[in-house]
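Descriptive structure summary
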Amino acid sequence: GAGVSQSPRYKVAKRGQDVALRCDPISGHVSLFWYQQALGQGPEFLTYFQNEAQLDKSGLPSDRFFAERPEGSVSTLKIQRTQQEDSAVYLCASSLVVGTVSGNTIYFGEGSWLTVV
Amino acid sequence: QQPVQSPQAVILREGEDAVINCSSSKALYSVHWYRQKHGEAPVFLMILLKGGEQKGHDKISASFNEKKQQSSLYLTASQLSYSGTYFCGTEKNQGGKLIFGQGTELSVKP
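Rules used in this analysis
- Residues numbered from 1 in each chain as written.
- Chains lettered and ligands numbered in written order.
- Predicted model: local features only at pLDDT ≥ 70, side-chain atom pairs only at ≥ 80, totals over all residues.
- Heavy atoms only, no water.
- Helix = DSSP H or I, 4+ residues; strand = E, 2+ residues; numbered from the N terminus.
- Rg over C-alpha atoms; globule rule 2.2 N^0.38 Å.
- Buried < 20%, exposed > 50% of the residue type's maximum accessible area, 1.4 Å probe, protein only.
- Contact = heavy atoms within 4.5 Å.
- Areas by Shrake-Rupley, 256 points an atom, 1.4 Å probe, with all protein chains shown as cover.
- Lys, Arg positive; Asp, Glu negative; His and termini not counted.
- Charge placed at Lys NZ, Arg CZ, Asp CG, Glu CD.
- Pairing = 2+ DSSP bridges.
- Axes fitted to C-alpha atoms, helices over the stretch in contact; angles between N-to-C directions.
- Salt bridge = Lys/Arg side-chain N within 4 Å of Asp/Glu carboxyl O.

Attention now goes to the overall build of chain A. Regarding its fold elements, chain A presents zero helices and 11 strands. Starting at the N terminus, the α and β elements of chain A follow one another as β-β-β-β-β-β-β-β-β-β-β. For 117 residues, the compact-globule estimate of 2.2 N^0.38 gives 13 Å, and the C-alpha radius of gyration of chain A, at 14 Å, lies within 12% of that figure. Taking the principal axes of its C-alpha atoms as reference, chain A extends roughly 40 × 25 × 25 Å. The buried share among the 117 residues of chain A stands at 47%. Contacts in chain A between residues far apart in sequence, at least 24 positions, make up 54% of those at least 6 positions apart. Of the roughly 5,600 Å² of accessible surface on chain A, 48% is carried by carbon and sulfur atoms. Chain A carries 10 positive and 11 negative side-chain charges, and their two centres are separated by 7 Å.

Here the focus is the sheet that holds strand E3 (residues 18-23) of chain B. Residues and elements named next belong to chain B. Read across the sheet, four strands follow the order E1-E3-E7-E6 without closing on themselves; strand pairing throughout is antiparallel. Looking at which strands have only one partner, the edges of the open sheet turn out to be strand E1 (4-6) and strand E6 (60-65). Across the sheet, the mean angle from the axis of one strand to that of its neighbour is 15°, orientation sign disregarded. For E1 and E3, the ladder comprises three bridges, and the chain directions are antiparallel. Looking at the pairing, Val 4 lines up with Ser 23 of E3.

With that settled, the discussion passes to the pattern of salt bridges. Residues and elements named next belong to chain A. This structure, assessed with the given rule, holds five salt bridges over all chains. Among the salt bridges present, the one from Arg 22 reaches Asp 24, with a minimum N-O distance of 3.0 Å. The exposure class of Arg 22 is partly exposed, given its relative accessible area of 38%. Residue Asp 24 is classed as partly exposed on the basis of its relative accessible area, which comes to 26%. Where Arg 64 meets Asp 86, a salt bridge forms, and the shortest distance between an N and an O atom there is 2.8 Å. Of this pair, Arg 64 sits in the loop between strand E6 (53-56) and strand E7 (65-68) while Asp 86 sits in the loop between strand E8 (75-79) and strand E9 (88-95); the two residues are 22 residues apart in sequence, bridging distant segments of the chain. Accessibility classification places Arg 64 together with Asp 86 in one group, the buried group.

All names here are of chain A. Relative to the assigned elements, Cys 23 resides in strand E3 (residues 19-24). Using a relative accessible area of 0% as the deciding quantity, one classes Cys 23 as buried. With 52 residues separating them in the primary sequence, Cys 23 and Ser 75 have C-alpha atoms 5.1 Å apart. The residues contacting Cys 23, other than those within four sequence positions of it, are Val 4, Ser 5, Leu 32, Trp 34, Val 74, Ser 75 and Cys 92.

Contact with chain A, which involves 25 residues of that partner, is made by 22 residues of chain B. Close ionic contact of Lys 97 of chain B with Asp 56 of chain A constitutes a salt bridge, the shortest N to O distance being 3.3 Å. Elements with a contribution of two residues or more to the side of chain A that touches chain B: strand E4 (31-37) and strand E5 (44-50) of chain A. If one sorts the elements of the side of chain A that touches chain B by residue count, E4 of chain A sits on top with three residues.

It is worth spelling out the sheet that holds E3 of chain A at this point. All names here are of chain A. Strand order in this open sheet of four strands is E1-E3-E8-E7, and the pairing throughout is antiparallel. Looking at the sheet topology across the chains shown, the edges are occupied by strand E1 (5-7) and E7. Averaged over neighbouring strand pairs, the angle between their axes works out to 15° when direction is ignored. As paired elements, E7 and E8 share four bridges and run antiparallel to each other. Considered in E8, the bridge of Glu 68 is made with Thr 76.

Turning our attention to the pairing of E8 of chain A. Residue and element names in this part refer to chain A. Of all five residues in E8, four are buried, a share of seventy percent or more. Two elements, E3 and E8, share five bridges in a ladder whose sense is antiparallel. The residue bridging Ala 20 from the neighbouring strand is Lys 78, located in E8. Joining the antiparallel neighbours E7 and E8 is a turn of six residues, in which Gly 72 adopts a positive phi near 75°.

Any functional reading would require information beyond the geometric quantities listed.
Printed below as a string of structure tokens:
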């Protein structure tokens, strides 16, 4: 597709429910990132994939958060037993190559807005 | 580890200039600048790599002082479309993972 696509755009979950957020990166992009953005804050890193390999998951806040990218393309971020503090915008981003080469850009999707009630 | 941005917010009249600063306590490989409007994706503005600086587009440019671990974003002759929240994202090494500042909210008034 033309850009990074995320779904659903909006999700309301009852506390304790499991949610799955999907990210379709730009076709051919090797690197994929998940970020969490609370209201009025900057995006906070969650995890990073290079193709299907999850190279860094240091930002995942708890073992309730799980991400996968089994075929090196689409990625899913799963949150189990959601809590109110999980309410945030979850941003997915992708880039063409590994790391940052001169002129390379990390492109963001519009995000999935999660509200836990 | 999170870079610090200043100012936190700025209000401009159309045509005025602004500077947004981004400071890190760690040595940096690169600095990325993004603008985000409410409810939208962060939009890439430019990247500055260690050892150089890069001019952006329109009247937006930036500099990167590696020794001071600081970057500045310069907006000249601001337009209404420049309104939004500006984030710097810093990269410690060539790994692609960006750590973002808390953002600078810019409002341009007619």
